[in-house]
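Commentary on secondary and tertiary structure
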Amino acid sequence: MTIWENTSSNRSAVVTGASSGIGQATVRALRAQGWTVFAVARRAERLEAHAQETGAIAIPADVSNQTDVDSLALAVAEHGGADTLINVAGGARGTDYWADAVDEDWEFMLQSNVMGTMRLTRALLPSLRKVHGTVLNLTSTAALASYEGGSGYNAAKAAQSAMTQALRLEEVEHGIRVIEVLPGLVQTEEFSLRRLGNQQAADNVYAGVEQPLTADDVAEVIRYAVSAPAHVNLDQIVIRPQAQAANHKLIRTGN
């Protein structure tokens, strides 16, 4: 059996953060391979348009809200269930130093990255255990090395990474594989814009970098990881553009 005979037409995944960026690209990549995909995001109108384009099943939900998570889990079950959960929803907000930390920004990052991942994974674990399924969490290289102005995001992603490692230990006896993908610099429409609040500041993040990663690059790694034979567990995958040797080492043209 080859890697692609696993078999894609019988595979099904819940993908969060599916209305933009890496989540949207992941939905597209899995649908192209024949997966049934439950696309989850807060922005219903945008999500529905993407679902119509790809053939995914749109389920508007905020994974940081327990009521939404309960409804989401029920909807997935009613559509036949899923063997894979891909937690992409999250985000960063602000670049304040700890001395100037904004409570609302930290609360957003902890809710979206940590609590949302916990709540949805907790809700789907019973069904995933029955099929020896897969959980893939998208974290960040921000979990590996902290930086000035990033303490809130560093904290959220480090927590999410630690949770992922614990989940792997807890669920191995249930046949569940747990994968973590940690991207470095990825250029998407919204991530830096949402974090920094204006387009010029967002553009400056990528200025002079010849080939930052794209959402499609990361989605391809995710697709590969969850499509591998069930006995193959890619525990932790760090993906960066070639120009970024480490969080603090990024080559920009002219620098």
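Because the structure is predicted, anything quoted here is derived from the model rather than measured.

1. Comments concerning the packing of helix α1 (residues 21–32) against helix α2 (residues 44–54)
- Relative orientation of the contacting elements α1 and α2 amounts to 20 degrees, with a least axis distance of 10 Å. Considering the angle they form, α1 stands roughly parallel to α2. Taken as a pair, α1 and α2 cross one another with a handedness that is right-handed. For the pair α1 and α2, contact is made by Gln24, Val27, Arg28 and Arg31 and by His50, Glu53 and Thr54, respectively.
- A breakdown of the residues in the contact of α1 with α2 according to their chemical character gives one nonpolar, three polar and three charged.

2. A word on the packing of helix α4 (residues 103–130) against helix α5 (residues 151–171)
- Packing of α4 against α5 leaves a shortest axis separation of 8 Å and a crossing angle of 15 degrees. Taken as axis vectors, α4 and α5 run roughly parallel relative to one another. Of the two possible hands of crossing, α4 and α5 adopt the one that is right-handed. Along its contact with α4, which presents Trp106, Met109, Leu110, Asn113, Val114, Thr117, Met118, Thr121, Leu125 and Arg129, the element α5 presents Ser151, Gly152, Tyr153, Ala155, Ala156, Lys157, Ala159, Gln160, Met163, Leu167 and Glu171.
- Grouping the constituent residues of the contact of α4 with α5 by class yields twelve nonpolar, six polar and three charged.

3. As for unusual backbone geometry
- Positive phi is not limited to glycine here, since histidine 132 has a value of about 50 degrees.
- Relative to the helices and strands, histidine 132 resides in the loop between α4 and β5 (134–138).
- The class for histidine 132 is exposed, based on a relative accessible area of 51%.

4. A few points about the confidence of the model for the chain
- The share of residues in the chain with pLDDT of 70 or more is 91%, and the mean pLDDT across the chain is 91.
- Every residue in residues 1–6 scores below 50 in pLDDT, and together they form 14 contacts with partners more than four places removed in sequence or on other chains.

5. Points about the environment of tryptophan 106
- For tryptophan 106, the position within the fold is in helix α4.
- Expressed as a C-alpha distance, the spacing of tryptophan 106 and tyrosine 153, which sit 47 residues apart in the sequence, is 7.7 Å.
- Residues contacting tryptophan 106, with those up to four places away along its chain left out, are Ala101, Ser151, Gly152 and Ala155.

6. Regarding the side chain of arginine 11
- When you line up the elements, arginine 11 lands in the segment before β1 (12–16).
- On the accessibility criterion, arginine 11 (9% relative accessible area) is buried.
- A distance of 3.0 Å separates polar atoms of two side chains, one belonging to arginine 11 and the other to aspartate 83.
- Side-chain polar atoms of arginine 11 contact the side chain of threonine 84, separated by 3.1 Å.

7. Focus on the sheet that holds strand β2 (residues 36–41)
- With parallel pairing, the seven strands of this open sheet are ordered in space as β3-β2-β1-β4-β5-β6-β9. At either margin of the open sheet sits one strand with a lone partner, and together these are β3 (57–60) and β9 (236–239). Strand-to-strand twist across the sheet, computed as the mean angle between neighbouring axes with direction ignored, equals 15 degrees.
- Alignment of β2 against β3, held across four bridges, turns out to be parallel. Across the sheet, alanine 41 pairs through a bridge with proline 60, a residue of β3.
- With respect to the sheet, helix α8 (residues 215–227) is in contact with β4 (84–87), β5, β6 (177–183) and β9, its orientation differing from that of β6 by roughly 165 degrees.

8. Some details on the pairing of β6
- Extensive coverage of β6 is indicated by the burial of seven of its seven residues.
- Alternating positions in β6 separate into two faces, Arg177, Ile179, Val181 and Pro183 on one and Val178, Glu180 and Leu182 on the other, with burial throughout.
- Bridge count for β5 against β6 is five bridges, and the pairing is parallel. Its bridge partner lying in β6, valine 135 is registered against valine 178.
- Handedness of the crossover joining β5 and β6 through α5: right-handed.

Cut-offs used in this document
- Residues numbered from 1 in each chain as written.
- Predicted model: local features only at pLDDT ≥ 70, side-chain atom pairs only at ≥ 80, totals over all residues.
- Heavy atoms only, no water.
- Axes fitted to C-alpha atoms, helices over the stretch in contact; angles between N-to-C directions.
- Helix = DSSP H or I, 4+ residues; strand = E, 2+ residues; numbered from the N terminus.
- Parallel < 35°, antiparallel > 145°, perpendicular 65-115°, else oblique.
- Left-handed = near helix turned anticlockwise from the far one by under 90°.
- Contact = heavy atoms within 4.5 Å.
- Nonpolar A, V, L, I, M, F, W, Y, C, P; charged D, E, K, R; others polar.
- Buried < 20%, exposed > 50% of the residue type's maximum accessible area, 1.4 Å probe, protein only.
- pLDDT = per-residue confidence, 0-100.
- Polar contact = N/O pair within 3.5 Å; in protein donor to acceptor, adjacent residues only side chain to side chain.
- Pairing = 2+ DSSP bridges.
- Right-handed = clockwise from strand over helix to strand, strands pointing away.

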